Each structure stands twice: as structure tokens, then as C-alpha cells.
Amino acid sequence: MFSTTIAGSLPKPGWLAETHKLWPRWREEGDALRQAKADATLLWIKQQEDAGLDVVTDGEQSRQHFVHGFLEQVEGIDFEHKVEMGIRNDRYKAMVPQVVGPLRLKGRVHSFEARLARAHTARKLKFTLPGPMTIVDTVADRHYGDREALAFAFAELLNEEALALQADGVDVIQFDEPAFNVYMRDAAEWGVRALERAAQGLDCTTAVHICYGYGIQANNDWKKSLGEEWRQYELVFPALAASRINQVSLECYHSHVPPDLMALLRGKDVMVGVIDVASDVVETPEQVADTIGRALQFVARERLLPCTNCGMAPMDREVALRKLQALAQGAELARHRYG
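Here the structure is a predicted model, which means the values were calculated and not measured.

Q: Just to check I follow, could you spell out the overall build of the protein chain for this structure?
A: The helix and strand tally for the protein chain stands at 10 helices and 10 strands. Its C-alpha radius of gyration of 19 Å places the protein chain within 12% of the 20 Å reference for a compact globule of 339 residues. Residue burial in the protein chain is summarised as follows: out of 339 residues, 60% are buried. Long-range contacts, defined as pairs at least 24 residues apart, comprise 78% of the intrachain contacts of the protein chain with a sequence gap of at least 6. With the model as given, the accessible surface of the protein chain reaches about 13,400 Å², and the carbon-plus-sulfur share is 45%. Looking at the protein chain, you have 39 positive and 48 negative side-chain charges, and the mean spots of the two groups are 2 Å apart.

Written out as C-alpha cells, the structure reads:
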């Protein structure tokens with residue numbers, strides 16, 4: 001009961017990349033960089049295990065960015081001529097690659113880190129991929145001319161890699177779709193269908209992560225503009241409840257999401273965000289258990305999975321580690337309270 005996990009990403013050590021940045025520069029290159037990525041991956045697997053998490057991830061240590069890390073192995077993407085573009089409905093600007101031709105995979109994308117992680121943990125392993133709609137929102141399209149068509153083109157490539165990750169021994173494959181909280185009607189009309197295409201044929205557990213973004217200033221400022229109630233989930237949760245996706249990861253602690261919206265996900269496992277990634281204040285086990293208790297009003301206990309609100313990539317490394325410990329300790333306390 002209350003199996004713990006994280007949204008996916010963890011801070012990169014300072015010897016691997018710049019710290020506290022969403023698009024950090026690598027410290028090494030070539031074989032030295034590959035070894036540094038492997039070392040960081042093994043470090044975080046061990047620290048997740050030591051913290052007491054039940055389902056671990058590779059921490060996305062081999063990816064500069066959760067979207068662009070996938071795109072680097074896609075033909076038809078021009079990284080040499082990046083352009084500045086507004087992301088998440090112009091919430092912030094970023095330099096993004098351009099889609100300049102038909103899309104296809106150059107080969108495997110994440111076999112190195114997935115096989116490394118699988119070989120070094122006996123716990124359940126989750127691996128994250130960007131969702132089709134969120135990829136579309138993080139590239140400049142110069143070829144397809146239609147967001148839905150582009151999303152389904154990416155979904156086919158994601159599915160190819162997801163099936164290979166399953167063969168690598170991954171237990172949970174999660175697609176990250178923060179764009180679902182921005183383009184809610186598109187998400188309900190075709191975003192969930194594109195997501196299902198990405199997960200087609202998978203026998204392992206499938207998940208989708210929908211959050212209000214990393215704990216960076218642009219996202220924090222946007223949240224302040226959303227009012228006293230954040231009801232974005234209300235539009236997409238019914239479509240997800242009717243989908244074949246097994247788990248839904250959502251933001252909860254320190255958010256203005258009405259907890260009763262979780263009831264819209266009846267029949268799904270719900271990864272409830274009990275750790276705030278937009279604050280360096282470390283939660284107490286009691287606060288984590290309290291959040292779980294509130295969620296139990298709307299989620300069956302056998303379907304509730306305590307999680308982080310979002311990824312921790314830009315966070316201070318020591319703070320992130322202490323938050324992982326609080327997550328596991330709070331879940332253990334909740335088992336005693338509500339078991």
C-alpha cells in the first residue's frame with residue numbers, strides 16, 4: 001500500500017552538468033561524458049533505494065532536457081539552427097530545434113541508461129518519455145503544418161522506443177504531458193488519443209504525468225495567475241479515465257487543485273503529488289501523511305501512489321535527497337495511520 005515513486009527527473013551532480021538549470025551544459029564530452037552520465041545514474045539509483053522509494057528511475061541523468069533528450073535521436077530534427085519560441089502558450093521563451101522533414105528514429109534512444117538502471121536495481125524501474133503533445137509544444141514545426149498530425153508522428157516514434165524499453169525490462173513507462181494543463185481542449189480531443197498511440201501494445205504499466213511545471217520562476221509566476229482554484233485537470237481527466245493508460249500522476253501538495261477532481265480518475269492508479277518541487281522547504285513525514293489522508297477521500301487506498309508534484313531537475317541536490325526521504329517516511333507513517 002502507498003508504493004512510492006517520483007515524477008522522474010533528479011538534479012544532476014555538479015561534476016556532470018551545470019546545476020539549478022533546466023537546460024544545463026555538460027561538463028565533459030565524448031567517452032568521459034558517457035561515463036559521467038553512467039556514474040550519476042548509479043548514484044541516484046542508490047540514493048533512491050537508500051531513501052526508501054519503492055519504484056526508482058534513472059533520474060534522467062543522461063538527458064540535457066526531458067524533451068530534447070529524446071529528440072536528439074530523431075531524423076527530421078534540426079538542432080544546428082535552433083530558434084527562440086514561446087513554450088506552454090508563451091509562458092516562457094526557449095531555444096528549440098526545428099522539425100524540417102519526415103520524422104524517424106535513428107536507432108535506439110535510451111537503451112544505455114535503461115539497461116544500466118535495470119542491471120543495478122532489483123526494485124521496480126520506471127522510465128519517463130516526453131508525451132506527444134508536449135513534444136509538439138517544445139519544437140518549431142517547419143514541415144507538418146498541423147499540431148495533431150505532428151503529435152501522431154511523434155507518437156509512433158515514442159511507441160517504437162517504449163516497446164524497446166519494455167524489452168529492456170522496464171516495469172513502468174511514463175509519458176510526461178505538462179502541455180495537457182495548457183491546451184486542455186486539444187488534450188481531451190486528440191492529445192489523449194496521441195498518448196494512447198504512444199503506449200500502443202505495451203504490456204508493462206503505463207502512466208502519464210500532468211503537472212503545472214518544474215519549480216522555475218516562469219512556472220511559479222504562472223501559477224499565481226491561475227486564481228484560487230486550479231481546475232485544468234477537470235477537462236482532461238474524464239478522457240484519461242476512459243483511456244487505456246494505467247496510472248495518472250498529478251500535482252497536489254501546496255497547489256490549488258481541488259482534491260475532489262481526483263475522483264474523476266476512478267478506475268486508475270493515481271500518483272498523488274505529496275512533495276512540492278517549487279519550494280526548498282523539506283516536507284515533514286507528518287505533512288506527507290496528511291496529504292495522503294486528504295487524497296484518500298477520493299482515491300482508493302490500493303490505487304494511491306505517493307509521488308512528487310513534478311521533476312526535481314533544477315533543484316538543489318541535497319534538498320532533493322531530503323525530500324525523497326520525507327516522501328518514503330511519510331508513506332510509511334500513512335500506512336500505520338490508514339492501513
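Picking up after the structure, the text goes on.
Q: What's the story with the packing of aromatic side chains in this structure? I'm lost.
A: Two measures describe an aromatic ring pair: the distance that separates the ring centres and the angle between the ring planes. Within the structure shown, the criterion is met by three aromatic pairs. Ring geometry for tyrosine 212 and tryptophan 230: centres 4.8 Å apart, planes at 40°, overall tilted. Residue tyrosine 212 is located in the loop between β7 (205–210) and α7 (217–224), and its partner tryptophan 230 is located in the loop between α7 and α8 (233–241); the two are separated by 18 residues in the primary sequence. This pair shows no difference in class: tyrosine 212 is buried, exactly as tryptophan 230 is. With centroids separated by 4.6 Å and ring planes inclined at 10°, the aromatic side chains of tyrosine 233 and phenylalanine 237 adopt a geometry described as stacked. Placement of the pair is tyrosine 233 and phenylalanine 237 together in helix α8, with a separation of four residues, close to one helical turn. Neither residue differs from the other here; tyrosine 233 and phenylalanine 237 are each classed as buried. What links up through ring pairs into an aromatic cluster is the set Tyr212, Trp230, Tyr233 and Phe237.

Q: Explain the packing of helix α6 (residues 184–198) against α8 here, please?
A: Each pair of packed helices can be described by the angle between their axes along with the distance between the axes. Packing of α6 against α8 leaves a shortest axis separation of 8 Å and a crossing angle of 25°. Relative to α8, the element α6 lies roughly parallel. Between α6 and α8 lies a crossing of right-handed hand. From α6, Met184, Arg185, Ala187, Ala188, Val192 and Leu195 reach across to α8, where they touch Leu235, Val236, Ala239 and Leu240. Tallied by class, residues from the contact of α6 with α8 come to nine nonpolar, no polar and one charged.

Q: Got a minute to help me understand the pattern of salt bridges in this structure?
A: Between side chains of opposite charge, a pair can form when the charged atoms approach closely. Tallied over the full model, the rule gives 19 salt bridges. A salt bridge links arginine 244 to glutamate 196; the nearest nitrogen and oxygen atoms lie 3.6 Å apart. Placement of the pair is arginine 244 in the loop between α8 and β8 (247–250) and glutamate 196 in helix α6, with a sequence separation of 48 residues. The partner of arginine 337 in a salt bridge is aspartate 290, and the shortest N-O contact between them spans 2.6 Å. With arginine 337 in helix α10 (residues 317–338) and aspartate 290 in helix α9 (residues 285–295), this pair connects stretches of sequence that are 47 residues apart. Here the salt bridges share partners, and the residues they tie into one network are Arg108, Arg115, Glu161 and Asp168.

Cut-offs used in this document
In this convention, every chain numbers its residues from 1, walking through the sequence in written order. Only residues with pLDDT of at least 70 are given local features in this predicted model, and only at 80 or more are side-chain atom pairs given and counted; all residues enter the totals for whole chains, interfaces and linings. To obtain the side-chain values, all non-hydrogen atoms of the structure were used and water was disregarded. Numbering of helices and strands runs from the N terminus; a helix is a DSSP stretch of H or I covering at least four residues, while a strand is a stretch of E covering at least two. Atoms counted for the radius of gyration: C-alpha only. Globule rule: 2.2 Å times residue count to the power 0.38. Note on exposure labels: buried denotes an accessible area under 20% of the residue type's maximum, exposed denotes more than 50%, and partly exposed covers the range between, all computed with a 1.4 Å probe on protein chains only. Two residues form a contact once any of their heavy atoms are found within 4.5 Å. Using a 1.4 Å probe, the Shrake-Rupley method yields the accessible areas, and only the shown protein chains count as cover for residues. The sign given to each residue is positive for Lys and Arg and negative for Asp and Glu; His and the chain ends receive no count. In this description, the location of a charge corresponds to atom NZ of lysine, CZ of arginine, CG of aspartate or CD of glutamate. Here a pair means two rings of Phe, Tyr or Trp (six-membered ring of Trp) with centres within 6.5 Å. Their orientation is stacked below 30 degrees between planes, edge-to-face above 60, and tilted elsewhere. Axis geometry follows a simple rule: fit a line to the C-alpha atoms, using only the stretch in contact for helices, then measure angles between N-to-C directions, giving values from 0 to 180 degrees. Note on terminology: angles under 35 degrees are roughly parallel, angles over 145 are roughly antiparallel, angles of 65 to 115 are roughly perpendicular, and the others are oblique. The sense of a crossing depends on the near helix, which, turned anticlockwise from the far helix by less than a right angle, makes the crossing left-handed and, turned clockwise, makes it right-handed. For this classification, the nonpolar set comprises Ala, Val, Leu, Ile, Met, Phe, Trp, Tyr, Cys and Pro, the charged set comprises Asp, Glu, Lys and Arg, and every other residue, Gly included, is treated as polar. What counts as a salt bridge is simple: a side-chain nitrogen of Lys or Arg found within 4 Å of a carboxyl oxygen of Asp or Glu.

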